[in-house]
Each structure stands twice: as C-alpha cells, then as structure tokens.
Amino acid sequence: MDTPSYFPVPPGVGMEENFLSLDDILLSQERLPVRTECVFPRLGFLEKSSDSQDIPEGTKMELPLWLCKGLYEKKRKVLSVELPKIYKEGWRTVFTADPNVVDLHKMGPYYYGLGSQMLHFDNPENPDIANALLQTFIGRFRRTMDSSQNAYNEDTSVLVGRLDCLEKVLFRSGQNGLNGFQGWEKGQAAQLTASSLVLNYRKRKLVDVQS
C-alpha cells in the first residue's frame, strides 16, 4: 500500500496555534484593521497611501494577524486592534437569529479560528465574541453533520462551499464515516491489520529475546 507523502497536521484548538499546520499558517496571514498608538519611525513604506517616511500616531491600516500579536502589548500600547465587521454586534445579532443562513466561507474562511485569536487582544466585547463563536458552532453543527450523512455519492461542492474551514473538516469526517459504514454493509471493508506500533513493539521484543 502506498504511503502518503504528507500527513495533514491539525490546527490548534481555541486560542492555541500549531505552527506546523497549514491552516494555522494561512490563518496567521489574515489581515486585521488596526490603529497605531505611537509613531512608527522609518516604516512609512508599509503605508502605501502616505508619502511620509514614518507612520504617524493615529494611522488606520491593516496588518496580518501574526504581526498584530507580535506588536500588541497591554502595558505599552503600540497599536489597538479593531474588530473585523463579522465579529461586531450587528453580525452577532444575525448569528443569534439563525447562524445557518450565513455563508461563513464568503465572510472569512477562518471564522472560528480568527475569532478565537481575537480574544488575545484586550476588548470589552471579548465575552460576547466568545459566546457568539460557541453558539454559532452549536447552531450550525447539527446541520453540517446531517448534510454530511445525507450526501452519499453526491456532489457536495455547494454544501461545502458555505462552510468555515473547521466545519469542512467536520463535514469530511462525517462523510468518511458514512462511506466506511456503507462499504462495511456491502462487504467491502478492508482486512483488519495490526498497527505499526504493535508490529514495531513485537520486533523490538523479538530482538531482546534473541540477544
């Protein structure tokens, strides 16, 4: 049997990050609206709309998540991070009413991941954001899994196209489980084999006995 050349590394959970995960690497490139709280000397080239050599205090711009986290300090304010619109009160109200009507992929493919990372920044709305993330996930979870279980051998591109990256992983897991069960029912299940850990343990044990 062919060995896959790449084993996917799962993203971090909640506010944690896994720097070996491609999803977390892409998430770290998401741009956030910020406001500078001091002068950034000799960095004017980062702000294309200005001809100044420096970035003056009070400048509004967008920076990637990884840079925002690196520059942000609670004690010495270098910059303040503003909420992306999808996490503001207006959109939280929409999610509370019916989270299933929102195209999360269109609004941002890392809705849950980026929302969790926003909790790193001191904001009075953080408890409401955390609750909105949780309730949105709960509200969409059942529909996501039901869709994955009722789409056997069907084109699921339209269904998957509206999902956040985390939801896509759940959808694929549900479909893999369904396909495996359908194959088992048809007698197409593969022969059970011992895991590589068990085989390696037996080899080491045999070597110890022979020596």
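Residues numbered from 1 in each chain as written. Predicted model: local features only at pLDDT ≥ 70, side-chain atom pairs only at ≥ 80, totals over all residues. Heavy atoms only, no water.

### Looking at the packing of helix H6 (residues 126-149) against helix H8 (residues 165-185)
As a packed pair, H6 and H8 sit with axes 8 Å apart at the nearest point and diverge in direction by 35°. The handedness of the crossing between H6 and H8 is right-handed. Of the residues in H8, those in contact with Phe137, Arg140, Phe141, Thr144, Met145, Ser147, Ser148 and Gln149 of H6 are Leu166, Glu167, Leu170, Phe171, Gly174, Gln175 and Leu178. In the contact of H6 with H8, the residues fall into seven nonpolar, six polar and two charged. (Axes fitted to C-alpha atoms, helices over the stretch in contact; angles between N-to-C directions. Helix = DSSP H or I, 4+ residues; strand = E, 2+ residues; numbered from the N terminus. Left-handed = near helix turned anticlockwise from the far one by under 90°. Contact = heavy atoms within 4.5 Å. Nonpolar A, V, L, I, M, F, W, Y, C, P; charged D, E, K, R; others polar.)

### Quick look at the layout of surface pockets
Looking at the second largest pocket, its volume works out to about 220 Å³. Along the wall of the second largest pocket there are 13 residues; nearest its centre are Glu30, Pro84, Ile86, Met107 and Leu114. Sorting the residues of the lining of the second largest pocket by element identifies strand E1 (31-36) and helix H5 (111-118) as the ones contributing at least two each. When its residues are assigned to classes, the lining of the second largest pocket shows eight nonpolar, one polar and four charged. Lining the lining of the second largest pocket are residues from two domains, each supplying at least three of them: domain 1 (1-81) and domain 2 (84-189). (1 Å grid on protein atoms, 1.4 Å probe; cavity = no way out; pocket = protein on both sides within 12 Å on 5 of 7 lines; lining within 4 Å. Points joined across faces, edges and corners; volume = space filled by probe spheres on them. Domains from an automatic or database assignment.)

### Some thoughts on unusual backbone geometry
Although it is not a glycine, arginine 42 adopts a positive phi angle of roughly 60°. Residue position: arginine 42 is located in the loop between E1 and strand E2 (60-64).

### A word on H6
The periodicity of an α-helix, 3.6 residues per turn, causes residues three or four positions apart to be oriented the same way. With 24 residues, H6 should cover 34 Å at 1.5 Å per step; its first-to-last C-alpha distance of 34 Å lies within 8% of that length. The principal kink in H6, of about 35°, is found at arginine 140. For H6, every residue scored as buried is listed here: Asn126, Ile129, Ala132, Leu133, Thr136, Arg140, Thr144, Ser147 and Ser148. Looking at the buried positions of H6, the neighbouring elements they touch are helix H3 (89-97), helix H4 (104-107), H5, helix H7 (157-160) and H8. (Expected span 1.5 Å × (residues − 1). Bend = angle between axes of the 7 residues up to and from the residue. Buried < 20%, exposed > 50% of the residue type's maximum accessible area, 1.4 Å probe, protein only.)

### A closer look at the side chain of lysine 168
Note that lysine 168 resides in helix H8. Buried lysine 168, no salt bridge; nearest opposite-charge side chain is aspartate 103, N-O distance 8.3 Å. (Lys, Arg positive; Asp, Glu negative; His and termini not counted. Salt bridge = Lys/Arg side-chain N within 4 Å of Asp/Glu carboxyl O.)

### Considerations on the pattern of salt bridges
With the rule as written, the count across this model stands at five salt bridges. For arginine 92, the salt bridge identified is with glutamate 125, shortest N-O distance 2.8 Å. Linking arginine 92 in helix H3 with glutamate 125 in the loop between H5 and H6, this pair joins segments that are 33 residues apart in sequence. Under the relative-accessibility criterion, glutamate 125 is labelled partly exposed at 28%. Aspartate 146 is the partner of arginine 142 in a salt bridge, and the nearest nitrogen-oxygen pair spans 3.8 Å. Linking arginine 142 with aspartate 146, this pair stays in helix H6, spanning four residues, or about one helical turn.

### Brief notes about the sheet that holds E2
Sheet strands pair by backbone hydrogen bonding; their relative direction is either parallel or antiparallel. Strand order in this open sheet of three strands is E2-E1-E3, and the pairing throughout is antiparallel. Looking at which strands have only one partner, the edges of the open sheet turn out to be E2 and strand E3 (79-81). Pairs of neighbouring strands in the sheet enclose a mean axial angle of 45°, with direction left out of account. Of the pairings in the sheet, the one linking E1 to E2 comprises five bridges and is antiparallel in character. Bridge assignment links arginine 31 to a residue of E2, and that residue is proline 64. (Pairing = 2+ DSSP bridges.)

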